[in-house]
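Given next are the chains, with one letter for each unit.
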Amino acid sequence: MLGSVFYRAGREKDAAAEWDSAIATGPANPGTYRLVAAVLVENRLLDRAAEVYRRGRRGTGDGDLFTLELAQLLASTMNYSGATAEYLRWLSKNPAQLSFVQSRLSQMTGREEARMAATEVIREALGDRGDLPLLELLAWLAMEGKKFEEAFEVYRKIDALAGAHGNELYQFAARAAAEKAYGVAARAYQEAIGAPLPASLIPYARYGYAGAVGELQAEADTFASPVRGTPATEAVPLYGGAVRLFQKIIEDYPHTEFSAKSWYQIGLIQSEKFGDREGAVISLRHVIEEAGALPSLRNDATLMMGKVHIARGDTAKAAGYFRTVVAASDVLPDAHDEAVFRLGEIDYFAGRFDSAMQKLGGIAVNLKADYANDALRLGAFLQENAGTVPEALREFSAAEFLARQGKNTEAVPLLLAVIRSYPQAPLVDDALMAVGALQASAGLFREAVASYERLLAEFRESSIELDRAEFNLAEVYQYGTHEPARAQATYERLLADHPKSILAGRARQRIRQLRGESL
Amino acid sequence: MKRSRSLAITLLLLLQGSQALSQEKVLIPMDLSQTDHLKAYGIAYMALSRGLEIDWLLNYRGGSFMLDAHDFITTECLVRGVAFIRESAAGAASIYAEVQREDNNMDVVRLEKAPRVAVYVPPGFQPWDDAVTLALDYAEIKYDKLWDDEVLDGKLADYDWLHLHHEDFTGQYGKFYASFAGAAWYQAQVAQLEQEARKRGFRKVAELKKAVARTIARYIGAGGFMFAMCSATDTFDIALAAENTDICDAIYDGDPPDPDFQQKLDFSKTLAFTGFTVEKNPLRYEYSDIDEPPSDMLGIQNPETDYFTLFEFSAKFDPVPTMLTQNHVNVIKGFMGQTTGFRKNLIKTSVTILAEKQGTEGVKYLHGNYGRGTFTYYGGHDPEDYQHAVGNPPTDLSLHKNSPGYRLILNNILFPAARKKQQKT
């Protein structure tokens, strides 16, 4: 304390002498050094406090004393390498305290320079040795910095050294996949499987691997765009790899949770990417009948089965599946609402508009439900048209049902006929919008442009879909005909004509995207 | 001869006027019809950056902007979601006539050049630490970051407008010691500042910060514009007043404060405050008695009743305070900060008070001249986050597009762009 008083009075030499004499009273006592260093820290003399601790090590002949104190001091003075070296010293004496050291290091590794300094120190300490805690630290630092390739290298060593038989690689792969680093995740899954992993973990790893491959293939899918899906001819070779991997899992682990999940993934790809409805029905039936399927998966598969049957034109079967979901005791609220919505859609396709509105009204009540918006939109459309032009609505719904089955060549003429036959019907602009969307999805971009332009020209005074028509038109220019200048001008026109449109925010984003600005 | 000369001048003025009015204009209204007040300032700044001149119509529809109609302006307004009105030449002339009528408290200020903007922030700072950078980023106004090295190396001369981050110029590291002495971020900040001070040859951080404050004061004196918020306001003045004394306790600089520091404060060196008492307790989260209400009284503030009121100035006689107080409302919800407001009786008489919390001693917003430049102080941390605390998430300004509190910040950015015109007498 006297030293502190001297120091604060500006008598630095006296202060230093006082602290030296305090240490001299008990040079072999660690407590003495701790006390003096604490006083120095109180006076912001951090470098000198560190020196006192080092002196304490020499004085007591114990080189491992004051490690945590020194580490904290060095981190405070931005000497991250020094701090890491002290934490490593602590770890070498207390190998079980890896989590503790990680938590202390994490206080500084938020800074990239600190993370790099710590990595360097650990690498040097490791040399060619196979020190498991150090490797764990190194891998953890790499993951913190999202350096997945670096982490993968380290986990390989950890796995070999710990005799983990791929378990460490598998855990890493799962974390990398969760961070959307699918490439490195896929390779890690593969190596884990080949390690070989314990038999109980292999199906998990194989399912993870197939999923990562599927995601990689989706990333490589350059055909998909907001206006058009990937044509089946391109999708089959593109997603075929993932399908084969899921099929192999089914062969090797029949009647298990893994086979059920794999059937579901195949069903999804068949239905949404390949347009193979018959194949999807078979795959989804396996999920529903599979003993190993979890209830939520079974309900999802039943819902999907209903949707596939709508696409096949078999609304009776579809309704059966949706009713099964509605009646299921273990169904989740969102899945329940979707099933009710789909039943409402089936009524609509069949021209039973009152029944449809009744079903949709039930979902629209809960505004937090995922399907509330869809239910409100369809409900309002039915209300507007069912009372005034039921015949036009019936033809329109028939056309929509054809479109849902992918029968665009039949749906488009029917919609155009509706426009011709009922020019005063409120749904005429909806019909033109539907025509434009179907043409765009079929790759008939010039025709789609003409449809949207017609809507914008002929229904400028009456349609409430003008903003959406302008947005869709801009999308066709952007993604279909690849005319960025026209696309930008059309988005700008939307903003000028409909500044309060719900699509204004997206249009602004697209303009900035087209201008090459960071969003 | 005289008569013909004055006729020529009149003709020239008429010609200029007719040129200005001969084309279509764009009016960016700043009243309640504006969809995004904050981005509107960005449009004005962009137009200035591209060489256009803008008329700031003080007190007309909340302080609207009028500029020549160019497609790139209207397109940009659309893209950024800023409401605008195309005005014919005749329509614009009628607006100008209304604004310039003698019996209206309105006027036109011509903005000519985009100010070069700098923000004083530490390296590694996050934009959400500071309301001004949030506002600049949101409004898409470009700015450079400066720190102690740049200030001391004379880089301020390259800028027209400087904003001080909520920095502590007293060298007490924000007085966070009592609450955060053990926190890693606090220790890292202290270490970094000590390292910087040593590198520049200062024994203490307080000395470094005082030197920075003096350099900034010289920049203002030479014609610069300085805007400060939160603790940068009072600590800046305290640092200037404490030029010849040590107000820092040992826990901050390793030696005791000068026992007579209060008597040694030199208030002639400060910008806005005088006669204040510096806080002696190193553990109290307060620098002086300037802050009103004091930080330890903030707990009893009620956000529901905390509002401040903008003063109204004569647009034709006091254009500067009028510019700084342009808004679509004149009662604005309050917000706290390490320095929330300023005690009225400690403000120099030469300073103009722009906003106060009515019925209290608290001033929220003030402006003054210093040498050939000016300064503006705005109390509080974040106009849309009542009680911003360390570690709080950033304010998303897209949810506060019409924030009156943030508008006051952006008024300051455009103010240096104004062409100086002769005062009416």
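Bear in mind that the values here come from a model prediction, so they are computed numbers and not experimental data.

## Describing the overall build of chain B
Part 1: Looking only at helices and strands, one finds 14 helices and 15 strands in chain B.
Part 2: Scaling as 2.2 N^0.38, a compact globule of 425 residues should have a C-alpha radius of gyration of about 22 Å, and chain B matches this with 23 Å.
Part 3: Taking the principal axes of its C-alpha atoms as reference, chain B extends roughly 75 × 50 × 45 Å.
Part 4: The buried share of chain B, taken over its 425 residues, is 48%.
Part 5: Sequence-distant contacts, at least 24 apart, represent 73% of the contacts inside chain B between residues at least 6 apart.

## Let's talk about the overall build of chain A
Part 1: Looking only at helices and strands, chain A has 28 helices and 0 strands in total.
Part 2: The C-alpha radius of gyration computed for chain A amounts to 34 Å, which surpasses the reference 24 Å derived for 519 residues by more than 25%, pointing to a less compact arrangement than a globule.
Part 3: Referenced to the eigenvectors of the C-alpha coordinate spread, the extents of chain A come out at roughly 105 × 60 × 45 Å.
Part 4: Considering only residue pairs separated by 6 or more positions, chain A has 48% of its internal contacts joining residues 24 or more positions apart.

## Brief notes about the pairing of strand 10 (residues 307-310) of chain B
All names here are of chain B.
Part 1: Of the two faces of strand 10, the one lined by Phe-308 and Leu-310 is fully buried and the one lined by Tyr-307 and Thr-309 carries no buried residue.
Part 2: Here 3 bridges tie strand 10 to strand 11 (residues 331-333), and the two strands are oriented antiparallel to one another. Across the sheet, residue Tyr-307 finds its bridge partner in strand 11, namely Lys-333.
Part 3: Across 2 bridges, strand 10 lies against strand 13 (residues 352-356) in antiparallel orientation. Among the inter-strand pairings, Leu-310 is bridged to a residue of strand 13, identified as Ala-355.

## Notes on the packing of helix 27 (residues 484-497) of chain A against helix 28 (residues 504-514) of chain A
Residue and element names in this part refer to chain A.
Part 1: Viewed as axis vectors pointing N to C, helix 27 and helix 28 meet at an angle of 150 degrees, and their least axial separation amounts to 9 Å. By the angle between their directions, the pair helix 27 and helix 28 is classed as roughly antiparallel. For the crossing formed where helix 27 meets helix 28, the hand is left-handed. Touching Pro-484, Ala-487, Gln-488, Tyr-491, Glu-492, Leu-494 and Leu-495 of helix 27 are Ala-504, Ala-507, Arg-508, Arg-510, Ile-511 and Leu-514, all from helix 28.
Part 2: By residue class, the composition of the contact of helix 27 with helix 28 is 9 nonpolar, 1 polar and 3 charged.

## Examining helix 25 (residues 445-458) of chain A
All names here are of chain A.
Part 1: The first and last C-alpha atoms of helix 25 sit 20 Å apart over 14 residues, in line with the 20 Å expected at 1.5 Å per residue.
Part 2: Every buried residue of helix 25 is listed here: Ala-448, Val-449, Ser-451, Tyr-452, Leu-455 and Leu-456. Seen end-on, helix 25 carries its buried residues on one side only, within an arc spanning 160 degrees. Exposed and oriented more than 90 degrees from the buried face of helix 25 are Arg-446 and Ala-457.
Part 3: Buried residues along helix 25 sit in contact with helix 24 (428-441) and helix 26 (466-480).

## Remarks on the domain arrangement of chain B
Residues and elements named next belong to chain B.
Part 1: When its domains are assigned, chain B resolves into domain 1 (2-111) and domain 2 (117-301 + 336-394).
Part 2: For domain 1 versus domain 2, the separation of C-alpha centres amounts to 36 Å.
Part 3: Contacts between the two partners involve 5 residues from domain 1, matched on the other side by 5 residues from domain 2.
Part 4: Considered class by class, the residues forming the side of domain 1 that touches domain 2 number 3 nonpolar, 1 polar and 1 charged.

## A few points about the environment of Ala380(A)
Part 1: Secondary-structure assignment places Ala380(A) in helix 21 (residues 372-386).
Part 2: By the C-beta count within 10 Å, which is 13 here, Ala380(A) ends up partly exposed.

## Brief notes about the sheet that holds strand 4 (residues 85-87) of chain B
Residue and element names in this part refer to chain B.
Part 1: Taken together, the 5 strands give an open sheet; going across it, the order is 4-1-3-2-5, and neighbouring strands pair in antiparallel fashion. Single-partner strands in this sheet number two, and they are strand 4 and strand 5 (107-111). Averaged over neighbouring strand pairs, the angle between their axes works out to 25 degrees when direction is ignored.
Part 2: Two elements, strand 2 (residues 54-58) and strand 5, share 5 bridges in a ladder whose sense is antiparallel. Of the residues in strand 5, the one forming a bridge with Ile-54 is Leu-111.

## As for the interface of chain A and chain B
Part 1: Counting from both sides, the interface comprises 17 residues of chain A and, opposite them, 16 residues of chain B.
Part 2: Sorting the residues of the side of chain A that touches chain B by element identifies helix 27 and helix 28 of chain A as the ones contributing at least two each.

## Examining the pairing of strand 9 (residues 225-229) of chain B
Residues and elements named next belong to chain B.
Part 1: Of all 5 residues that make up strand 9, 5 are buried, and the element is covered over most of its length.
Part 2: The alternating pattern of strand 9 places Phe-225, Phe-227 and Met-229 on one face and Met-226 and Ala-228 on the opposite face, and all of these are buried.
Part 3: When strand 8 (residues 161-164) meets strand 9, the two strands line up parallel, connected through 4 bridges. In the sheet register, Leu-162 faces strand 9, and the bridge partner there is Met-226.
Part 4: Relative to strand 15 (residues 373-378), strand 9 runs parallel, the two sharing 5 bridges. Looking at strand 15, one finds that Ala-228 is bridged to Tyr-377.

## A short note on the confidence of the model for chain B
Residues and elements named next belong to chain B.
Part 1: For chain B, per-residue confidence averages 89 on the pLDDT scale, and residues scoring 70 or more make up 91% of the total.
Part 2: Residue range residues 1-21 is modelled with pLDDT below 50. Its contacts to residues more than four positions away, or to other chains, number 3 contacts.
Part 3: Both scores are available for the predicted complex, with the pTM at 0.76 and the ipTM at 0.73.

## Here we look at helix 3 (residues 30-42) of chain A
All names here are of chain A.
Part 1: Over its 13 residues, helix 3 extends 19 Å from the first C-alpha to the last, a length consistent with the 18 Å expected when each residue adds 1.5 Å.
Part 2: Of all the residues in helix 3, the buried ones are Tyr-33, Val-36, Ala-37, Val-39 and Leu-40. Down the axis, helix 3 shows its buried residues gathered within 155 degrees of arc, on one side only. In this structure, helix 3 carries Gly-31 and Ala-38 as exposed residues pointing more than 90 degrees from its buried face.
Part 3: Among the residues trailing helix 3, Arg-44 stands out with phi positive, at a value near 60 degrees.

## With respect to the nonpolar core
One recurring pattern in soluble globular proteins is that nonpolar side chains are buried together.
Part 1: Ranked by size, the top nonpolar core spans 164 residues in total, and within it Leu415(A), Ala431(A), Ala44(B), Ala135(B), Leu162(B) and Ile216(B) carry the most contacts.
Part 2: The residue makeup of this core includes at least three contributed by each of domain 1 (2-111) and domain 2 (117-301 + 336-394) of chain B.
Part 3: Those residues in contact with Leu415(A) that lie beyond four places of it in its chain are Ala399(A), Ala431(A), Ala434(A) and Val435(A).
Part 4: Residues Leu46(A), Ala114(A), Tyr189(A) and Leu197(A) belong to the second largest nonpolar core, which totals 118 residues.

## Looking at the confidence of the model for chain A
Part 1: Per-residue confidence for chain A averages 92 on the pLDDT scale, and 99% of its residues sit at or above 70.
Part 2: The least confident element of chain A is helix 1 (residues 2-8) of chain A, whose mean pLDDT is 81; the most confident is helix 18 (residues 315-327) of chain A, at 97.

## Some details on the environment of Arg486(A)
Part 1: Counting through the fold element by element, Arg486(A) comes out in helix 27.
Part 2: C-alpha separation for the pair Arg486(A) and Glu69(A), spaced 417 residues apart in sequence, amounts to 65 Å.

## Quick look at unusual backbone geometry
Residues and elements named next belong to chain A.
Part 1: Residues Ala-195 and Pro-196 are joined by a peptide bond in cis, for which omega reads 0 degrees.
Part 2: Relative to the elements of secondary structure, Pro-196 occurs in the loop between helix 12 (182-194) and helix 13 (202-219).
Part 3: Residues other than glycine seldom take positive phi values, yet Met-78 does so here, at roughly 65 degrees.
Part 4: Positionally, Met-78 belongs in the loop between helix 5 (67-76) and helix 6 (80-93).
Part 5: On the neighbour-count criterion, Met-78 (19 C-beta atoms within 10 Å) is partly exposed.
Part 6: In this structure, Lys-180 takes a positive phi of about 65 degrees despite not being glycine.
Part 7: With respect to the secondary-structure elements, Lys-180 resides in the loop between helix 11 (167-178) and helix 12.
Part 8: Judged by local crowding, Lys-180 falls into the exposed class, with 11 C-beta atoms found within 10 Å.

## Observations concerning the environment of Tyr378(B)
Residues and elements named next belong to chain B.
Part 1: Examined against the element boundaries, Tyr-378 turns out to sit in strand 15.
Part 2: A count of 28 C-beta atoms within 10 Å places Tyr-378 in the buried class.
Part 3: Residues Tyr-378 and Ala-355, spaced 23 residues apart in sequence, show a C-alpha to C-alpha distance of 9.1 Å.
Part 4: If we ignore the near neighbours within four places in the chain, the residues touching Tyr-378 are Met-229, Tyr-365, Leu-408 and Ile-409.

About the cut-offs
- Residues numbered from 1 in each chain as written.
- Chains lettered and ligands numbered in written order.
- Predicted model: local features only at pLDDT ≥ 70, side-chain atom pairs only at ≥ 80, totals over all residues.
- Helix = DSSP H or I, 4+ residues; strand = E, 2+ residues; numbered from the N terminus.
- Rg over C-alpha atoms; globule rule 2.2 N^0.38 Å.
- Buried ≥ 20, exposed ≤ 12 C-beta atoms within 10 Å, placed from the backbone.
- Contact = placed C-beta atoms within 7 Å.
- Pairing = 2+ DSSP bridges.
- Axes fitted to C-alpha atoms, helices over the stretch in contact; angles between N-to-C directions.
- Parallel < 35°, antiparallel > 145°, perpendicular 65-115°, else oblique.
- Left-handed = near helix turned anticlockwise from the far one by under 90°.
- Nonpolar A, V, L, I, M, F, W, Y, C, P; charged D, E, K, R; others polar.
- Expected span 1.5 Å × (residues − 1).
- Arc of directions from axis to C-beta.
- Domains from an automatic or database assignment.
- pLDDT = per-residue confidence, 0-100.
- Core = buried A, V, L, I, M, F, W, Y, C linked by C-beta atoms within 7 Å.

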